[in-house]
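Observations on the model geometry
Single-letter residue listing:
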Amino acid sequence: MAPKTAEAIVIGAGVVGAATAFHLTQQGLTDVLLIDKGQPGGGATERSGALVRTHYTNAPEAAMALAAQRWFHHWADLIGGDSGFVPTGFLQFVGPADHERLRDNVQMLQELGVNTQIVNADEVEGIAPQVWMEANAIAAYEPESGYANPSATVAALVAAAQRGGATLLTETPVTALRVANGKVVGVTTSAGDIAAPIVVLANGGWSVNLAAPLGITLPIRPVRVQIAFFQRPSSFPRGRDGGITIIDRGNGFYSRPEGEDLRLVGLSGFHETLVPANNDVGYALDHYQREPDPDFAPLAAQQVARRIPSMAGQPVVRGHGGPLDVTPDSKMILDRAPGVDGLYLAVGMSGSGFKKGPAIGACMAELITTGTATTAPIEPFRLARFAENTPLLGNDYSYPDDLVAQLRKDALIH
């Protein structure tokens, strides 16, 4: 049964919402309600590529990702349970035209404290012998990065929040935010009204419809992305650490091990903007096509084989589509809601929230309980940047022209 009151309500039990609920309990709140219209992690989180890395082309995102790695590396001690994190190491490849940008970004990351370095073809052969690299090329290497299990990560965060006193309420859609005298006073759900002086929107694109009646416009578009799982070649070791994690900007893919003998492959720019009926972004995210497109796996196989030749001809085992909430600059929104005291925003993850989730949750809990986020800076992620026409930009990498045509769309790196 739904409670009648709570100290704080977090809407959305994906990795961001679960982490926020957990960290609120760590900040001393003992009556936190984590509520979801479905099951924990049932939206974007469970269909995430779940890469855990710190290579970004802008300092604010890199700082958040770096802060989050502390939790992934010390999960059992700091949260409890198991996130499924595997430190496979991580390689970032770019096209030849972006080598200088890569060097500049690695320097920026090193200044933030990221354990990363530029490596050449000989060094890559020693790090990941299955990976092919041009003789005169360079890559960025992070030995402490890898990937995690998205379902296990959310389950552990939810359990930790519950140990701290939080309550989980599932299969209960929030239909409205309740506001009085400029302050949030609770929510209306399918199970009735629940009073609370603090409400956090951590439900991705589903937040748009809840915020709109309050005069808050969240510039989020619903997007569908796809992932395919291929049989791993015999040249790769078996096990969850059987191979390195990769983002290859020059060839437009990202890849990591999966389970005992599979390899996940996604295409960085192969996505579809969903068209909301009657501007209902949440409906679009609920009713997207779950099965992959017929042309997705062949293109994913072609692109990954350019960097991992032994993947050529490997059979595809399964695949799926997944939903994303994307902002105009493809960066998240972490902020107080304008004009409504007690309402907070942790949305618009743009396909890059999983790896940052534990730190995002800490920042939101700090903002709510102390007024200032200290785990990492969040001012660059303020909502007002869009109205101010000051998007968060980075020293971004390019795509080769022929790849842009092949992948059809603009880039989303996971």
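Please refer to the structure placed before this passage.
Quick caveat: nothing in here was measured; it's all calculated off a predicted structure.

What counts, and at which threshold
- Residues numbered from 1 in each chain as written.
- Predicted model: local features only at pLDDT ≥ 70, side-chain atom pairs only at ≥ 80, totals over all residues.
- Heavy atoms only, no water.
- Helix = DSSP H or I, 4+ residues; strand = E, 2+ residues; numbered from the N terminus.
- Buried < 20%, exposed > 50% of the residue type's maximum accessible area, 1.4 Å probe, protein only.
- Lys, Arg positive; Asp, Glu negative; His and termini not counted.
- Salt bridge = Lys/Arg side-chain N within 4 Å of Asp/Glu carboxyl O.
- Polar contact = N/O pair within 3.5 Å; in protein donor to acceptor, adjacent residues only side chain to side chain.
- Contact = heavy atoms within 4.5 Å.
- Core = buried A, V, L, I, M, F, W, Y, C linked by side-chain atoms within 4.5 Å.

Notes on the side chain of glutamate 366
Topologically, glutamate 366 is positioned in helix α10 (residues 357-370). For glutamate 366, which is buried and forms no salt bridge, the nearest opposite charge comes from arginine 70, at a distance of 8.1 Å. At 2.6 Å, the side chain of glutamate 366 forms a polar contact with the side chain of threonine 375. The contacts of glutamate 366, once residues within four sequence positions are left out, are Gln27, Gly371, Thr372, Ala373, Thr374 and Thr375.

Some remarks on the nonpolar core
Counting 53 residues, the largest nonpolar core has Val10, Leu24, Met64, Leu157, Leu334, Ile360 and Ile378 as the members making the most contacts within it. Counting residues per element, the ones that place at least two in this core are β1 (8-11), α1 (15-26), β2 (32-35), α2 (59-73), α6 (150-163), β19 (343-347) and α10. No other element matches the eight residues that α10 contributes to this core. Ignoring anything within four residues of it in the chain, the contact list for leucine 334 reads Met64, Leu345, Ala346, Met349, Ile360, Met364, Ile378, Phe381 and Arg382. Counting residues in hydrophobic clusters, the runner-up holds 34 residues, among them Leu177, Ile194, Ala284 and Val347.

Some points on the environment of glycine 243
Within the secondary structure, glycine 243 is located in the loop between β13 (221-231) and β14 (245-248). Spatially, the C-alpha atom of glycine 243 lies 33 Å from that of leucine 392, the residues being 149 residues apart in sequence. For glycine 243, the contacting residues outside a window of four places in its chain are Thr88, Phe236, Pro257 and Arg263.

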